[in-house]
Amino acid sequence: MSDSETAPQSQQGIGILGGSFDPVHMGHLWMAESALEQLPIEHVHWIPAATSPLKPHGPVASNEQRLQMLRLALSGQEGHVIDDWELQQDGISFTRLTLEHLHQRFPERPLYLIIGADSLASFDRWRDPERILELCHLAVIARGGQAPPDYSILDSMAAPDRLRTIRESQISMPQIEISSSDLRDRVSSGRSIRFQVPHPVRTLISQEKLYQEE
Ligand SMILES: Nc1ncnc2c1ncn2[C@@H]1O[C@H](COP(=O)(O)OP(=O)(O)OP(=O)(O)O)[C@@H](O)[C@H]1O
Ligand SMILES: O=C(O)c1ccc[n+]([C@@H]2O[C@H](COP(=O)([O-])O)[C@@H](O)[C@H]2O)c1
């Protein structure tokens, strides 16, 4: 059973934070908490991808290790739910399929897809972006070290009123320049990742000797 099956039911919105989480870091945690605070949602569903479509080489850590890091980061934190649906499907994780699944499961509840500015910048390369915009509200977060969100990429994909709502749904948060790829580099070159990931996640990375090879 996925952790999300224990989530209470209501008509409130559901936030969706998909990612490789290889590893989960403080940037992810701040974005999910900011979304919970600013969007009309009851939970954030954290959905680790089996293989993200634009990262076909796949994650470095195993599915079980990435799930375990999420559990260590989120254990006991109200409002944050881990949903392993994409891991159970395996293969390439297309967000449209995940949203169709959540829409079937929670037909009355608005879905809010939470993404960073770098994900918005690649949105025209996602599969079925127009359908994604029909299935959910998009909520974008600026990202440290990246250009500010450029919504013009969506111009041909949805009606102007829909695009206006997406711009207005931008989540504000102090920009955090942490990325999983930089953390993997840091581990492989013996530098510190302290305070950039939750302490138990850092312990697991060290115990399992994760990310030590380039
Ligand atoms: N520091 C951050 N600030 C804002 N958004 C972020 C941040 N880190 C990740 N995100 C967003 O979280 C989502 C999942 O990110 P992902 O798990 O791929 O982590 P990542 O740090 O981008 O990984 P990598 O460096 O390996 O590409 C994406 O939409 C990404 O834009
Ligand atoms: O559906 C797509 O085509 C698609 C393309 C790129 C990324 N995504 C999703 O966006 C989330 C973040 O992806 P990434 O590559 O930054 O780890 C993750 O849930 C991916 O499955 C989805």
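These numbers were taken from a predicted model, which means no experiment stands behind them.

Draft legend 1. Spatial organisation of the site of ligand 2. Residues in close proximity to ligand 2 total 15 residues, the closest being Gly-18, Ser-20, Ser-52, Thr-95 and Trp-126. Mapped by element, the contributors of at least two residues to the shell around ligand 2 are strand S1 (13-19) and helix H4 (95-105). When its residues are assigned to classes, the shell around ligand 2 shows five nonpolar, seven polar and three charged.

Draft legend 2. Representation of the environment of Ala-32 in the model. For Ala-32, the position within the fold is in helix H1 (residues 26-38). For Ala-32, a count of 25 C-beta atoms within 10 Å puts it in the buried group. As for Ala-32 and Val-44, which are separated by twelve residues in sequence, their C-alpha atoms are 6.5 Å apart. With sequence-adjacent residues up to four places away left out, Ala-32 is seen in contact with Leu-17, Val-44, Trp-46 and His-80.

Draft legend 3. Seen up close, the sheet that holds strand S2 (residues 41-48). Strands sit in the order S3-S2-S1-S4-S5 across an open sheet of five strands; the sheet is parallel. Across the chains shown, the open sheet's two edge strands, defined by having one partner strand only, are strand S3 (80-82) and strand S5 (137-141). Between one strand axis and the next, the sheet turns by 30 degrees as a mean value, whatever way the strands run. Bridge analysis of S1 against strand S4 (residues 111-116) gives three bridges, and the strand direction is parallel. The residue of S4 that forms the bridge with Gly-15 is Tyr-112. The sheet strands contacting H4 are S1, S2 and S4, and the helix crosses S1 at an angle near 155 degrees.

Draft legend 4. Examining the pairing of S4 more closely. The buried fraction of S4 is high, at five of six residues. Pairing analysis gives five bridges linking S4 to S5, with the strands arranged parallel. The residue bridging Ile-114 from the neighbouring strand is Ala-139, located in S5.

Draft legend 5. Just helix H9 (residues 199-207), in detail. Here H9 has its buried residues at Val-201, Arg-202, Leu-204 and Ile-205. An end-on view of H9 places all buried positions within 160 degrees of arc, on one side of the element. When the buried face of H9 is taken as reference, the exposed residues oriented beyond 90 degrees from it are His-199, Thr-203 and Gln-207. The inward-facing, buried residues of H9 abut helix H2 (63-74) and helix H8 (180-188). Positive phi shows up at Lys-209, right after H9, with a value of about 55 degrees.

Draft legend 6. Seen up close, the confidence of the model for the protein chain. Per-residue pLDDT for the protein chain averages 94, and the proportion of residues at 70 or more is 95%. Interface confidence in the predicted complex, given as ipTM, is 0.98; pTM for the same model is 0.95.

Draft legend 7. Structural view of the UniProt feature "domain: Cytidyltransferase-like" (unreviewed entry) in the protein chain. Annotation from UniProt places "domain: Cytidyltransferase-like" (unreviewed entry) at residues 16-186. Structurally, residues 16-186 is divided into 40% helix and 15% strand, and its ends, taken at the C-alpha atoms, are 28 Å apart.

Draft legend 8. Summary view of the site of ligand 1. Around ligand 1 sit 19 residues in total, of which Gly-19, Gly-27, Gly-116, Ser-180 and Ser-181 are the nearest. Mapped onto the shell around ligand 1, the elements with two or more residues apiece are H1, S4, helix H5 (117-121) and H8. The biggest single contributor to the shell around ligand 1 is H1, with three residues. In terms of residue class, the shell around ligand 1 is built from six nonpolar, ten polar and three charged.

Rules used throughout
Residues numbered from 1 in each chain as written. Chains lettered and ligands numbered in written order. Predicted model: local features only at pLDDT ≥ 70, side-chain atom pairs only at ≥ 80, totals over all residues. Near = placed C-beta within 6 Å. Helix = DSSP H or I, 4+ residues; strand = E, 2+ residues; numbered from the N terminus. Nonpolar A, V, L, I, M, F, W, Y, C, P; charged D, E, K, R; others polar. Buried ≥ 20, exposed ≤ 12 C-beta atoms within 10 Å, placed from the backbone. Contact = placed C-beta atoms within 7 Å. Pairing = 2+ DSSP bridges. Axes fitted to C-alpha atoms, helices over the stretch in contact; angles between N-to-C directions. Arc of directions from axis to C-beta. pLDDT = per-residue confidence, 0-100. UniProt positions renumbered as here; feature names shortened; annotations may be inferred.

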